[in-house]
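Letter by letter, the chains look like this.
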Amino acid sequence: MSVSTAAIDPSVCAPLPVLGQDVTVPLVTGGEVTYAALDYAASAPALQRVWDDVAAYAPYYGSVHRGAGYLSQLSTDLFENSRRTVAEFLGCRAEDQVVFTRSTTDSLNLLAAAIPADCQVFVYETEHHASLLPWRNAQVTYLNAPRTPGQAVETLERALADRDPYGPALVCVTGASNVTGELWPVRELAAAAHAHGARIVLDAAQLAPHHPVDIAELDVDWVAFSGHKLYAPFGSGVLAGRADWLRAAEPYLAGGGASRKVARRADGGVDVDWHTTAARHEAGSPNVIGVHSIASACKALTEAGFDNLVAREQELVSRVREGLAEVPEVQVLSLFGDDAPRVGVISFVVRGWNSSHFAAALSAEYGIGVRDGLFCAHPLVRTLLGSDPQDPGECGAPEAEPGELPQPSAGGTPSSLRSLNAIRVSFGAGTPDEHIDRFLRAVTELVREGARWKYRTEDGRCVPDRGEAAQV
């Protein structure tokens, strides 16, 4: 998968309006500043268009699939039309199903519950925990972190060649890393999987908000993503793709909506006829507003022109990477190298700083929100920081006061960084240029001049010391 900006002028695409763009936050040094939300990889701000669509629908809210009243019928139509909108956004094939879930994590756990009992699962250690951990009842092969896209394909091909060729198999891979932002060779991995009789599910949580995702073009079997990363509020997600395993599996949740007919038997038991459509795995009253918000976000991104959005984001990626490269103390984390295509997700460490301390200073002194820790991808971050992928890790600050980090040795990440976390800056369609400029200025000032405030560890987080003599 590649990112192309040919013949696209980033200047024709302004940032999309998002909620919170005028919110001000206090600084420990005094005064207030407009908040710079640079934590899109965790949860992107909702598009104003999405919020307006939800507000317009809210007075007409009603239960779906169960009511004869006008509002119920309207809500049912909206719910099912949202399913069609998402299918179109993802380029679903005619026979594919779109199942609404709570999140990417929920989607992949649903699929994990639906795979055949003897299924072998292949997953890279580089995955987010949402796609690394759900396969508890399967025979799982964890693949080592590749250092090039080609190596990723070769590693998978070798692993699949060694498997039982007669049983079902599933490959799980991210489209864009939630740590490095690097794009994975999804189409090539899908071809390798299918050549060896395996299926593949794409974790598109970080890819879908930044880059078009087409199931048919990529030739993947399933795609999973979350609304809250796609500029939509509320807890909704999507699992879209092949219907056969989903249709054959027991319902993910048992209850109303998943069942077509329930009858008592003469022996006192219950017979249930389950739906074979997406409703089979959507028991209970669905999150209609959350589903509507996902569909609205899909429409908004499509109408804005994904090519222009991608081009502008690539300009921001280049500016951030070039700006960080001018600070020798900053080391950007990468699997595939500097030339690898990536989305607006960049993680780094700063020599002389604990990452939680640095992130806290960005927030308290500059009004910039980033993420520090291991980003729910502990094995990957540990690998990138030069430690054993099996080392246990925790997010947040150490219990000791923030201290000095050792100097990296020539040629790479020092082994002494193994106990450290990283800092992640992430951005997207709603990010103003000023937020990027302020971030780069703040990084430079903090590295060269140090923090202007004292910080302490509280409940595992590095926070400003509010004592009277805190300022330094």
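Structure's up top.
The rules behind these values
Residues numbered from 1 in each chain as written. Predicted model: local features only at pLDDT ≥ 70, side-chain atom pairs only at ≥ 80, totals over all residues. Heavy atoms only, no water. Helix = DSSP H or I, 4+ residues; strand = E, 2+ residues; numbered from the N terminus. Buried < 20%, exposed > 50% of the residue type's maximum accessible area, 1.4 Å probe, protein only. Lys, Arg positive; Asp, Glu negative; His and termini not counted. Salt bridge = Lys/Arg side-chain N within 4 Å of Asp/Glu carboxyl O. Polar contact = N/O pair within 3.5 Å; in protein donor to acceptor, adjacent residues only side chain to side chain. 1 Å grid on protein atoms, 1.4 Å probe; cavity = no way out; pocket = protein on both sides within 12 Å on 5 of 7 lines; lining within 4 Å. Points joined across faces, edges and corners; volume = space filled by probe spheres on them. Nonpolar A, V, L, I, M, F, W, Y, C, P; charged D, E, K, R; others polar. Axes fitted to C-alpha atoms, helices over the stretch in contact; angles between N-to-C directions. Parallel < 35°, antiparallel > 145°, perpendicular 65-115°, else oblique. Left-handed = near helix turned anticlockwise from the far one by under 90°. Contact = heavy atoms within 4.5 Å. Pairing = 2+ DSSP bridges.

Enquirer: Looking at this structure, how should I read the side chain of Glu127?
Expert: In this structure, Glu127 sits in the loop between strand S5 (120-124) and helix H4 (129-132). No salt bridge is formed by the buried Glu127; its nearest oppositely charged neighbour, Lys229, is found at 13 Å. For Glu127, the side chain forms a polar contact with the side chain of Ser131, separated by 2.8 Å.

Enquirer: How should I be thinking about empty space enclosed by the protein in this particular structure?
Expert: Over the atoms, a rolling probe the size of a water molecule traces out where space has been left empty. Tallied over the entire structure, the rule returns 2 cavities of 30 Å³ or more. The space that makes up the largest cavity amounts to roughly 40 Å³. Around the largest cavity sit Cys13, Ala14, Leu309, Arg312, Glu313, Leu316, Gly428 and Ala429, which together line it. A breakdown of the residues in the lining of the largest cavity according to their chemical character gives 5 nonpolar, 1 polar and 2 charged. Taken as a whole, the second largest cavity holds about 30 Å³ of empty space. Pro209, His210, Tyr231, Leu301, Phe306, Leu309, Glu313 and Ala429 are the residues that line the second largest cavity. The dominant element in the lining of the second largest cavity, judged by the number of residues it contributes, is helix H10 (residues 306-325), at 3 residues. A class-by-class count of the residues in the lining of the second largest cavity yields 6 nonpolar, 1 polar and 1 charged.

Enquirer: Just checking my understanding: could you explain the packing of helix H2 (residues 70-89) against helix H9 (residues 288-304) for this structure?
Expert: If you want to describe how two helices pack, look at the angle between their axes and the distance between the axes. The contact between H2 and H9 brings their axes to 9 Å, and the two run at 40°. As far as their axial angle goes, H9 and H2 are oblique. For the pair H2 and H9, the sense of crossing is left-handed. Residues Ser75, Leu78, Phe79, Ser82, Thr85, Val86 and Phe89 of H2 form the contact with H9, whose own contacting residues are Val288, Val291, His292, Ile294, Ala295, Cys298, Lys299, Leu301 and Thr302. Of the residues in the contact of H2 with H9, the class split is 10 nonpolar, 5 polar and 1 charged.

Enquirer: So what exactly am I meant to see when it comes to the sheet that holds strand S16 (residues 371-373) here?
Expert: By definition, the strands of a sheet pair up through backbone hydrogen bonds, in either a parallel or an antiparallel sense. Strand order across the open sheet formed by 4 strands is S13-S14-S17-S16, with antiparallel pairing between neighbours. For this open sheet the edge positions go to strand S13 (330-332) and S16, each flanked by a neighbour on one side alone. Mean inter-strand twist for the sheet, computed between neighbouring axes without regard to direction, equals 30°. Note that S16 and strand S17 (residues 422-426) share 3 bridges and pair antiparallel. If you follow Arg371 over to S17, its bridge partner there is Arg424.

Enquirer: Sorry, what's going on with unusual backbone geometry here?
Expert: Comment: phi is negative for the bulk of residues other than glycine, and the bulk of peptide bonds are trans. Even without being a glycine, Tyr231 presents a positive backbone phi close to 65°. Position of Tyr231 relative to the elements: it lies in the loop between strand S9 (222-226) and strand S10 (237-241). For Tyr231, a relative accessible area of 0% translates into the label buried. Even without being a glycine, Cys376 presents a positive backbone phi close to 50°. Among the residues examined, Cys376 registers a relative accessible area of 38% and is labelled partly exposed.

Enquirer: How should the pairing of strand S18 (residues 455-458) be read in this particular structure?
Expert: In summary, the side chains of a regular strand alternate between the two faces of the sheet. Burial along S18 is one-sided: the residues Tyr455 and Thr457 are buried and none of Arg456 and Glu458 is. Relative to strand S19 (residues 461-464), S18 runs antiparallel, the two sharing 4 bridges. If you follow Glu458 over to S19, its bridge partner there is Arg461.

Enquirer: Before we go on, may I ask you to explain the layout of surface pockets in this structure?
Expert: Its boundaries defined by the atoms lining it, the largest pocket holds a volume of some 350 Å³. For the largest pocket, the lining is made up of 22 residues, of which Glu80, Arg83, Ala278, Ala279 and Glu282 are closest to its centre. For the lining of the largest pocket, the secondary structure elements donating two or more residues are H2 and strand S4 (97-101). Counting residues per element, the lining of the largest pocket draws most heavily on H2, which supplies 5 residues. In terms of residue class, the lining of the largest pocket is made up of 8 nonpolar, 7 polar and 7 charged. Quantified by volume, the second largest pocket comes out at close to 280 Å³. Considering the residues around the second largest pocket, the lining is formed by 18 residues, among which Phe100, Thr101, Arg102, Glu282 and Ala283 are closest to the centre. Taken together, the residues of the lining of the second largest pocket break down into 8 nonpolar, 7 polar and 3 charged.

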